[in-house]
Amino acid sequence: MKQVEISRHGGPEVLRIVERPDPDPGDGEVRVSVRAAGINFADILARMGLYRDAPKPPMVVGYEVAGTIDAVGGGVDASLVGRRVLAMTHFGGHSSSVVVPADAAVPMPDAMPFDEGAALPVVYLTAYHMLYYLGNLHPGERVLIHSAGGGVGLAAIQLARLRDAKIFGTASPGKHERLSELGVHQCIDYQT
C-alpha cells in the first residue's frame, strides 16, 4: 500500500509517499481499499507539530476515508467484499488501504462520489454531536455557530436548518453573503 507519511514536523515539503505491506484484517475487521481520504485541520496541525495527540514523526495521519471493502477478517460476513463504505480511522487514513472494525465501515449510497463520502465523517459527526447531543437543539431555538464558514460550521448550519433553528454565525465579513445564502439569519464579524 501507499501512504502519505509526515517525515518530520514542518510545511508540506515534509510529506512523502512511502510503500508498506497491505494490512490484514483481524477478527471483526474489514480492509478498505481507499479511494479518497479527508484532510482536516487536525491533520495540518499534526504535520506542523501543533497537535499534541498526534503520534511522533514519522507518522501517517488521516481520520476519514471512503472506498471499497476488499477483505474481511474472521467473523465478518464475506458478502461485504465489494461494498462501498466510508469510515473513520484513528490516524492512518492517508493510506491506500486501511483496516477498521466492521461496524465502523458505513455503507455509502451508490450515487455518492468517494471524495464526498470521505469529507463527511469528521465534520458532520462533530456538528451532529455538538448540536443534537451536547447542545440539545430543539426545533425553533436559536443557535450561535462559531467559525460558521469552516467545515464543521457549514455542517452545523445544515443540521440546525433541519431543526428550523434561528442561526447566528461568526465568520470573517467576506463569508457573510454566502453564509446568508446557506441559511444563517444573522452573520457576525468575529473580529469586531
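It should be emphasised that the depicted structure is a prediction, and the values quoted were computed from it without experimental measurement.

Rules behind the numbers
- Residues numbered from 1 in each chain as written.
- Predicted model: local features only at pLDDT ≥ 70, side-chain atom pairs only at ≥ 80, totals over all residues.
- Heavy atoms only, no water.
- Core = buried A, V, L, I, M, F, W, Y, C linked by side-chain atoms within 4.5 Å.
- Buried < 20%, exposed > 50% of the residue type's maximum accessible area, 1.4 Å probe, protein only.
- Helix = DSSP H or I, 4+ residues; strand = E, 2+ residues; numbered from the N terminus.
- Contact = heavy atoms within 4.5 Å.
- Pairing = 2+ DSSP bridges.
- Axes fitted to C-alpha atoms, helices over the stretch in contact; angles between N-to-C directions.

A. The arrangement of the nonpolar core in detail. Ranked by size, the top nonpolar core spans 19 residues in total, and within it Leu-131, Val-143, Ile-145, Ile-157, Ala-160, Ile-167 and Leu-179 carry the most contacts. Looking at this core, the elements with two or more residues in it are α3 (121–134), β8 (142–145), α4 (151–162) and β9 (166–171). Setting aside anything within four residues of it in sequence, one finds Ala-160 in contact with Leu-131, Leu-137, Val-143, Ile-145, Ala-165 and Ile-167. Core analysis: the next-biggest nonpolar cluster, separate from the first, contains 12 residues, Val-30, Val-32, Val-65 and Ile-69 among them.

B. Quick peek at the sheet that holds β9. Sheet architecture is open: 3 strands sit in the order β8-β9-β10, paired in parallel fashion. Each edge of the open sheet is held by one strand with a lone partner, namely β8 and β10 (186–189). The average angle at which neighbouring strand axes cross in this sheet is 20 degrees, direction not considered. With 4 bridges connecting them, β9 and β10 associate as parallel partners. From the neighbouring strand, Thr-170 faces β10, where its bridge partner is Ile-188. Along the sheet, α4 makes contact with β8 and β9, crossing β8 at roughly 170 degrees.

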